[in-house]
Amino acid sequence: LARRQKQELLLVPYRESKLTTLLRDAIGGSSYTLMVACLSPNDAHFEENLSTLHYASTTGRIRNRPEVNLDPKSALIRKLQEHVRVLRAQLSDAHAYIVGLTGRPVA
């Protein structure tokens, strides 16, 4: 569906339909999407079944790269927590070094 031409990704040609409009964010967004195609066993609906299978097949070829959507505050909290963890490890190493030199713990 997304055709490569000279190492550049071209625009994905979405079908103009109510279903595509409803699923636009899920199909082309940054999430995983599951599509279930329902078909009729009746021969009278052959053309509709074929159209449904074609749409499902075409949509199934769309590949996204989902990313975790983090709130900026949550990202900052995680970064600060990691920084605190690193500082605590450095403090522990410094304490162990001082105990090794002096032979007694720091008060």
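Everything that follows concerns the structure shown earlier in this document.
Draft legend 1. View of a nonpolar patch on the surface. Judged by side-chain polarity, Tyr97, Ile98, Leu101 and Val106 come together as a nonpolar surface patch covering roughly 410 Å² of accessible area. As for its position among the elements, Tyr97 is in helix 3 (residues 72–102). For Tyr97, a relative accessible area of 56% puts it in the exposed group.

Draft legend 2. Local environment of the side chain of Asn49. Within the secondary structure layout, Asn49 lies in helix 2 (residues 46–60). Here the side chain of Asn49 touches Ser40 through a polar contact of 2.7 Å, landing on its backbone oxygen. If we ignore the near neighbours within four places in the chain, the residues touching Asn49 are Leu39, Ser40 and Asn42.

Thresholds, definitions, all that
- Residues numbered from 1 in each chain as written.
- Predicted model: local features only at pLDDT ≥ 70, side-chain atom pairs only at ≥ 80, totals over all residues.
- Heavy atoms only, no water.
- Patch = residues over 30% accessible without salt bridge, like charges linked within 9 Å, V, L, I, M, F, W, Y side chains within 5 Å.
- Areas by Shrake-Rupley, 256 points an atom, 1.4 Å probe, with all protein chains shown as cover.
- Salt bridge = Lys/Arg side-chain N within 4 Å of Asp/Glu carboxyl O.
- Helix = DSSP H or I, 4+ residues; strand = E, 2+ residues; numbered from the N terminus.
- Buried < 20%, exposed > 50% of the residue type's maximum accessible area, 1.4 Å probe, protein only.
- Polar contact = N/O pair within 3.5 Å; in protein donor to acceptor, adjacent residues only side chain to side chain.
- Contact = heavy atoms within 4.5 Å.

By themselves these figures say nothing about function.
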